[in-house]
Each structure stands twice: as structure tokens, then as C-alpha cells.
Amino acid sequence: MLKDLFVTTLALSLIIGVRYLLVGVVTHGLLWGGAGRGRQLNHRPPVAKRVRAEIIASLIACPIYALPAAFVIELWKRGGTAIYDDIHAWPVWWLPASFIVYMLAHDAFYYWVHRGLHHPRIFPWAHAEHHRSRDPSAFASFAFDPAEAIATAWFLPALTLFIPIHWGVALALLTLMTATAVLNHAGREVWPASWLKRAPLCWMITATHHDAHHKRFNGNYGLYFQMWDRWAGSEISQLDRPSPRNPLT
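Model, not experiment: these values are computed from the prediction.

What counts, and where the lines are drawn
Residues numbered from 1 in each chain as written. Predicted model: local features only at pLDDT ≥ 70, side-chain atom pairs only at ≥ 80, totals over all residues. Heavy atoms only, no water. Helix = DSSP H or I, 4+ residues; strand = E, 2+ residues; numbered from the N terminus. Rg over C-alpha atoms; globule rule 2.2 N^0.38 Å. Buried < 20%, exposed > 50% of the residue type's maximum accessible area, 1.4 Å probe, protein only. Contact = heavy atoms within 4.5 Å. Areas by Shrake-Rupley, 256 points an atom, 1.4 Å probe, with all protein chains shown as cover. Lys, Arg positive; Asp, Glu negative; His and termini not counted. Charge placed at Lys NZ, Arg CZ, Asp CG, Glu CD. Core = buried A, V, L, I, M, F, W, Y, C linked by side-chain atoms within 4.5 Å. UniProt positions renumbered as here; feature names shortened; annotations may be inferred. Expected span 1.5 Å × (residues − 1). Bend = angle between axes of the 7 residues up to and from the residue. pLDDT = per-residue confidence, 0-100. Salt bridge = Lys/Arg side-chain N within 4 Å of Asp/Glu carboxyl O.

J.: Just checking my understanding: could you explain the overall build of the protein for this structure?
T.: Helix and strand counts for the protein stand at 10 helices and four strands. N-terminal to C-terminal, the α/β element order of the protein is α-β-α-β-α-α-α-α-α-β-α-β-α-α. For 249 residues, the compact-globule formula gives about 18 Å, and the C-alpha radius of gyration of the protein, at 18 Å, lands near that figure. The buried share of the protein, taken over its 249 residues, is 47%. The contacts of the protein with a sequence gap of at least 6 include a subset with a gap of at least 24, amounting to 74%. Carbon and sulfur atoms form 71% of the exposed surface of the protein, whose accessible area is close to 12,800 Å². Taking the 22 positively charged and 15 negatively charged side chains of the protein as two groups, their mean positions are separated by 8 Å.

Rendered as C-alpha cells:
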């Protein structure tokens, strides 16, 4: 199994890296090309030097995320996970229900881990790289310190060992995770401002919500939903508080 795990990890690292680059290039080009699209959140357009650093950090993180996924794939081949391919193995209603369960679990896990990463003793070595992108680009969506990647990469793969999920639902969840991460770091808000005040976007993490996290450092830790920030008192906006001192300067 070790040989298979090694080969699968290499293959997934390549797939994750190529997907990251393609999605980043397309999104960045569409939103920042020409006159730009959407409402600009960044104080200035992404700087080439910073974009290069984001890409390097992201490519380093690729094998860290690939390893747990490869482990699950190899276990799945041997019947050792809760992933299923027969759509009738579980009731049809479980397809959307499992999607929601995984989203809620991932959101809760990420909120508290992300908030913990901002502890003054942890932040410098585990989360600082991501926040060097004060005016982030789409390429910042995957630009993590190795320690942060290790802390977060295992959670979704671990869920597949216990909570049944169809492989198509898992793929849809990964696609949503990629799309939201890229759009939320792109430095522009693609949704009209009036839409952000109405359901369902008023419950969701959007670029406006997450960009405040990159500008302020002290709130808006959620991944998909705003509820944990509201319940835990960590919600901030771009307008209602002065920016604290940048801990990276």
C-alpha cells in the first residue's frame, strides 16, 4: 500500500497544483483584466511579487493536502471508507443531506482552527504567510504555511471514514470549496451589494466578508457561513472598526 500511496499522492499533488493554477489564472484574469469586474475591495491591485509568493506557498501546500486524500482513495479501493458509488446504497435524500452535513462540520472545524491560528504565539509560524496578502489575489486562496496545511488537510478525508458520502457529492463539495476560496480571496466582490443583504448571501461568507479578515486580522474567521462569527462575537465589517496594527510589520 505504501507504494500505491506514494504514487497516488504524487498524482493528486499534480492535479491539485494544475487545478489551482488554472482556476487562479482564469479568475484573476476575468476580475482584474481591463477595467475589472465587480466591486474592488483591495486598496490596490495585487502586486506581482506578492502573487508569486502566493503561488509558491500554494504549490508547497499541494502535497500536504494530497497525502490525506490519497490515503482515503487507497482505503476506498480496499473498502475501508464510508464513500459509496451506488446511488441507491443510501436513501436519495441523503445525497443533499450529506452535502449539508459535511459543509456544517467543515465550517465549524475551520472556524475554531482558524481562530486558534490567530493566537499571538501560533500566528507567526502557522498563519503569517497567508496574511502577508493584505490585498489578496485569487492565488492567495491556497497560500498556507505548511503548519496550517497540516492542521486543516486531514479533516474532510477523516470524515469520509465515518460519515457516508457519494463520490459525486464529495466532488461537488470540493468544487464548491475551491470556487468560494478563490472568489473570496480575489480582491473583488462579484455579487451586487444589495444581494449581500438578502438570503442566502447574508448568511454566507463572501469576498466582502473575508476581505475584512485580511484587512483587520481580528475577526471573520468563517469558511462557508457567517453564523459562527455572529454567535462567537467575532464578526467585523470593512467599515465599522479602525484597522489594527498589522502584526506582520
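We are not done yet, so read on.
J.: Is there a simple way to think about the nonpolar core in this case?
T.: Nonpolar side chains in soluble globular proteins generally cluster together in the buried interior. By size, the foremost hydrophobic cluster in this structure holds 19 residues, and its most contacted members are Tyr102, Leu156, Leu173 and Tyr224. At seven residues, helix α3 (residues 94-117) tops the list of elements feeding residues into this core. Ignoring sequence-local partners within four residues, the contact set of Leu173 consists of Phe99, Tyr102, Met103, Leu156 and Tyr224. Counting residues in hydrophobic clusters, the runner-up holds 15 residues, among them Cys62, Ala66, Phe144 and Ala153.

J.: I tried to follow the UniProt feature "domain: Fatty acid hydroxylase" (unreviewed entry) in the protein on my own but got confused; where do I start?
T.: Within the UniProt annotation, "domain: Fatty acid hydroxylase" (unreviewed entry) is assigned to residues 99-233. Split by type, residues 99-233 is 54% helix and 3% strand. Its first and last C-alpha atoms lie 27 Å apart.

J.: Got a minute to help me understand the UniProt feature "transmembrane region" (unreviewed entry) in the protein in this structure?
T.: Following the UniProt record, the feature "transmembrane region" (unreviewed entry) maps to residues 6-32, 53-73, 93-113 and 162-183 here. With 100% helix and 0% strand, residues 6-32 has end C-alpha atoms that lie 38 Å from one another. In residues 162-183, helix accounts for 77% and strand for 9%; the two terminal C-alpha atoms are 30 Å from one another.

J.: What am I meant to see in helix α2 (residues 48-77) here?
T.: Counting along an α-helix, one turn takes 3.6 residues, and residues three or four places apart therefore face a common direction. When the terminal C-alpha atoms of α2 are compared, their 42 Å separation across 30 residues agrees well with the 44 Å that a helix rising 1.5 Å per residue should span. The sharpest bend along α2 comes to roughly 25°, located at Ala61, with the proline Pro63 sitting one to four residues further on. Taken from the residues just after α2, Gly79 is the one with a positive phi, measuring 75°.

J.: How should I be thinking about the confidence of the model for the protein in this particular structure?
T.: Low pLDDT marks stretches whose predicted atomic positions should not be read closely. The predicted model of the protein has a mean per-residue pLDDT of 93, with 95% of residues at 70 or higher. In this model, residues 240-246 is a region of pLDDT below 50 whose contacts with residues beyond four sequence positions or in other chains number 13 contacts.

J.: I would appreciate a short explanation of the pattern of salt bridges in the present structure.
T.: It is possible for side chains bearing opposite charge to pair when their charged atoms get close. Counted under the stated rule, the structure contains eight salt bridges. A salt bridge links Arg78 to Asp4; the shortest N-O distance between them is 3.1 Å. Of this pair, Arg78 sits in the loop between α2 and β2 (83-84) while Asp4 sits in helix α1 (residues 2-32), and the two are 74 residues apart along the sequence. On the accessibility criterion, Arg78 (44% relative accessible area) is partly exposed. Overall, the relative accessible area of 36% leaves Asp4 in the partly exposed class. Salt bridges here are not isolated pairs; linked through shared partners, they connect Asp4, Glu74, Lys77 and Arg78.

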